[in-house]
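So the chains spell out like this:
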Amino acid sequence: MCGIVGYIGEKQATTLLVDGLKRLEYRGYDSAGVSLMNGNGLETRKAKGKIAMLEQAIASDPIKGKIGIAHTRWATHGPPNECNAHPHHDCKGKISVVHNGIIENYGPLRAMLQKTGHVFVSETDTEVLAHLIEAAFDGNLEDAVVDALALVEGTYGIAVLSADDPDKIVAARKGSPLLIGIGEGENYVASDVAAILAHTREVVYLDDGEMAVLTRDGYSVCDLYQQTVKKGVSRIDWDLDQIEKGGFDHFMLKEIMEQPQTITNTMRGRLVTEEGFSKLGGLNLSMEELQNLDQIIITACGTSWHSALIGELMIEEHARIRCEVEYASEFRYRNPIVTDKTLCVVISQSGETADTLAAMREAKRRGARTLGLVNQVGSTIAREDDGGIYLHAGPEIGVASTKAFTSQVIALALLTLKLGRLRNMSVVQGRDIAQAMEALPAQIQSILDRASEVETIAEAFSDATNFLYLGRGYNFPVALEGALKLKEISYIHAEGYPAAEMKHGPIALIDADMPVVFIAPHDSVFEKVVSNVQEVKARGGRVIAITSREEPSLAGKIDYEFRIPETIDMLNPVLAAIPLQLLAYYIAAKRGLNVDQPRNLAKSVTVE
Ligand code: F6R
C-alpha cells in the first residue's frame, strides 16, 4: 500500500531515496515525502501527487544528506495533501517518522498527548508516533521507539530518524512488511525489495514484533523487549529489468505479454506429464495428511478470489474433495467450521494483503493446515503458512493483476493433480490434464500474437458506460475477473454474472447501449450459453463473444468475436482471461487513463 525507503551510508541520499520511491509508486500514491539528516538537523520536503511533484519541490528547494527516510502515501486518515504526507514530525522537528499501516488507538493517544502540550499539524494517525517518540526520548532513539510502540494498538512498518541521535535509522514492524537491505558501508530499509534492488540483493526480512537499528556499518535486530533476534540473510534473484517496463507503454501490457513465460515458470519442475502427476516440494504435508483431508477452504481477495473460485471447481471435479471459497475479509469475522483435517489454501499475489493474512491466521488458530499460493517471495503469508506453492510469476507492478491470476490458476491445477492422483484420478486422466497444461504457453502466445484484434474491439467500445460479462461453469469466475479488470482501470461500470442468472434481473439492463461479453468456448456448457446469447440478442444487446471454434449456432447472433484455442474445460480460464485482460487494457489506454496506477487503488492492500 504505502511505501517506505530509507538509507544510511556515504552517498548523497536524496536521488537514491526518490528513485526508490518511484519503484514503490505502484503500491500507493497520493503524496510523497522525504526527510534527510543534513549535518545540522532534519530537513523535510513533501508534495501532494506523484513523485514528480516531490522532485519539483526538491528542485526548487534542494536538500542534501547521507541519512534519510522517504515515503509514498495512500491516504487512510486525512485527505491527500502536503500536510498529511509523511514524514511526520514531533513538536520540535527533531524526530521524523514514516509509517505504513494504521494506528487504531490514535484518537485517545492524540488527546493524551495534546493534554501534555503536544501540538499536532496533520490529520494523520502517524503523527502520534512522532509525538510519542518525542515524549519518550531520553538520548537514545531505539529506547524511545520501544516505549512509544508499547502504547500503540494497530499495525505498523516504521522508519524513524532523530536529530539528537543522528547516526542511525530505527525501523520496526507489526503487520506491515519491512526489510533491511545490506550494503558495504551502507544499509537500507524498505517496505518492498523493489525500492532497493538497484543497490543490493542481500536482505533481512523483519517479522512482526521486531525492531532494527541501522548504522552505516551494520544493523542489529531485536524484539520489542530489546532482546537480540538472530536473523537469516536472503538473496533476491529478480533482475532489475523485471521491474522495469522493457519497451512497453505500461507495466500491465508487459505483464499480460509475459504470460507464456510466467505460467511456464509456475509449472517448471513440477509437472510430471508422463505420470500425470505433479511434484510440489513445499506442501509440507505427508501423503497420509493429504489423503485424509476432509475439506479445503480457499480464501483470498479480489482477483485472487476469482482464481480461488476456479480452484474450487477443479478440486471438486477432479480431486473429489469438498471445497469452499471464502472472501478473506468475511472468513475472519464469522464462525467457520474448521477441523484438523481442513486444508486452508490462501491465495495472494503480494503475500501481504491484510485480510488474507488475518484469515490465514484465523484458520491456523482453528487447527487447519495452511497452504500459501503466493507470488512475492519472502512475504508475510509465505513466511507464516505451513506450506506453499510459489507462483514464480516475477514481480507484478501494474496494479491490475494479470500474470499472477493465470499463475494462480496453474498452481491450483498442479494442486488438483496432486490431490486427484492421490485419490481416484487415473493416470490417463492425470496425463490428459498435464498435457493440456503443457500446451498452454504456446496457446497463450497465439492469443497474444493477435492482440490487435482485441484492440479493434476495444476501439468500438471505449465510450461505453456499462458492460456485462457472462459465463458459465469454469468461465463464470472468468466473467467476474473480466468485469473487475475493466472497472478498475477504465472506470466503466461492469458486472460479471453466471450467464443463466441474467434472466433473474440483469436482463432488464439490456439494450443497444449495453455491451455483453460472453465467455463461450466450446466446453460442456456451450449449448446452454448459446441460449443466453440469444436472450441478449433478442433484446438488442451488443454481443462480444470469446469462442474457440466456428459455431453455426451463433451465426448472426454476435457482433464481435475473438477466438481462443481449445483446451480442457478446467483450463479454459487461463486462455479466456487473456483477451479480457487485453480488452480492459486497450479500453483504458484509449480513454487516456493511467493504466498502471488507477485512481484510489493500491497494489498491496495492507490495511483492513
Ligand atoms: C485486481 C487486483 C486486486 C487483488 C487483491 C488481492 O486486479 O489486483 O483485486 O487481486 O487486492 O491482492 P493479493 O493477491 O496481493 O492478495
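Just so you know, these numbers come straight off a predicted model, no measurement behind them.

Novice: Would you take a moment to explain the packing of helix α16 (residues 475-490) against helix α18 (residues 572-590) for this structure?
Specialist: When two helices pack together, their arrangement is captured by the angle between the axes and the distance separating the axes. Taken N-terminus to C-terminus, the directions of α16 and α18 make an angle of 20 degrees; their axes are 9 Å apart at the nearest point. Looking at the two axes, α16 sits roughly parallel to α18. Crossing of α16 against α18: the hand is right-handed. Between α16 and α18, the contacting residues are Asn475, Val478, Gly482, Lys485, Leu486, Ile489 and Ser490 on the first element and Asn572, Pro573, Ala576, Ala577, Leu580, Ala584, Tyr585, Ile587 and Ala588 on the second. The class makeup of the residues in the contact of α16 with α18 is eleven nonpolar, four polar and one charged.

Novice: Is there a simple way to explain the pattern of salt bridges in this structure?
Specialist: Any two side chains of opposite charge can pair, on the condition that their charged atoms come close. Per the stated rule, a full pass over the model turns up 36 salt bridges. Between lysine 22 and aspartate 19 there is a salt bridge, with its nearest N and O atoms 3.9 Å apart. With lysine 22 and aspartate 19 both in helix α1 (residues 13-24) and three residues apart, the pair spans about one turn of that helix. One salt bridge in this structure joins lysine 364 and aspartate 386, with 3.6 Å as the shortest N-O distance.

Novice: Looking at this model, I keep getting lost on the nonpolar core. Mind explaining?
Specialist: One broad rule of soluble globular proteins: the nonpolar side chains tend to lie buried together. Core analysis: the largest hydrophobic core is formed by 91 residues, its most contacted members being Ile298, Met437, Phe467 and Tyr469. The residues that make up this core include at least three from each of domain 2 (246-445) and domain 3 (451-590). Those residues within four positions of methionine 437 in sequence are excluded, and the remaining contacts are Met267, Leu271, Ile410, Ala413, Leu414, Leu417 and Leu571.

Novice: Hey, could you run me through the sheet that holds strand β13 (residues 219-223) in this one?
Specialist: Adjacent strands of a sheet form backbone hydrogen bonds with each other and so pair up, either parallel or antiparallel. Taking strand neighbours across the sheet as the criterion, the six strands line up as β5-β6-β7-β8-β12-β13 in an open arrangement whose pairing is antiparallel. Each edge of the open sheet carries a strand with a single partner, namely β5 (88-89) and β13. The pairing of strand β6 (residues 95-100) with strand β7 (residues 156-162) spans six bridges and is classified as antiparallel. Across the sheet, serine 96 pairs through a bridge with leucine 161, a residue of β7. Along the sheet, helix α4 (residues 127-136) contacts β5, β6 and β7; its crossing angle with β6, the most-contacted strand, is approximately 140 degrees. Its contacts with the sheet put helix α5 (residues 141-149) on β7, β8 (169-174) and β12 (210-214), and the angle it makes with β7 is roughly 145 degrees.

Novice: It is not clear to me how α5 should be interpreted in this structure. Could you clarify?
Specialist: An α-helix turns once every 3.6 residues. As a result, residues three or four positions apart point the same way. Across the nine residues that make up α5, a large majority, seven, are buried. If you check which residues of α5 are buried, you get Leu141, Glu142, Ala144, Val145, Val146, Ala148 and Leu149. If you follow the buried residues of α5, they end up packed against α4, β7, β8 and β12. Capping the start of α5, asparagine 140 holds a side-chain oxygen 3.1 Å from the backbone nitrogen of glutamate 142, two or three residues further along.

Novice: What should I look at first to understand the sheet that holds strand β3 (residues 42-48) in this one?
Specialist: The antiparallel open sheet is built from eight strands, whose spatial order is β3-β2-β4-β1-β10-β9-β11-β14. Edge strands, defined here as strands with exactly one partner in the open sheet, are β3 and β14 (234-235). Where strand β11 (residues 202-205) and β14 come together, two bridges link them in antiparallel fashion. Residue pairing in the sheet places glutamate 202 in a bridge with arginine 235 of β14. Strands in contact with α1 are β1 (3-8), β2 (31-37), β4 (67-73) and β10 (187-190); relative to β1, the strand with the most contacts, it is inclined by about 155 degrees. Along the sheet face, helix α2 (residues 51-60) touches β2, β3 and β4 and points at about 135 degrees away from the line of β3.

Analysis parameters
Residues numbered from 1 in each chain as written. Predicted model: local features only at pLDDT ≥ 70, side-chain atom pairs only at ≥ 80, totals over all residues. Heavy atoms only, no water. Axes fitted to C-alpha atoms, helices over the stretch in contact; angles between N-to-C directions. Helix = DSSP H or I, 4+ residues; strand = E, 2+ residues; numbered from the N terminus. Parallel < 35°, antiparallel > 145°, perpendicular 65-115°, else oblique. Left-handed = near helix turned anticlockwise from the far one by under 90°. Contact = heavy atoms within 4.5 Å. Nonpolar A, V, L, I, M, F, W, Y, C, P; charged D, E, K, R; others polar. Salt bridge = Lys/Arg side-chain N within 4 Å of Asp/Glu carboxyl O. Core = buried A, V, L, I, M, F, W, Y, C linked by side-chain atoms within 4.5 Å. Buried < 20%, exposed > 50% of the residue type's maximum accessible area, 1.4 Å probe, protein only. Domains from an automatic or database assignment. Pairing = 2+ DSSP bridges. Polar contact = N/O pair within 3.5 Å; in protein donor to acceptor, adjacent residues only side chain to side chain.

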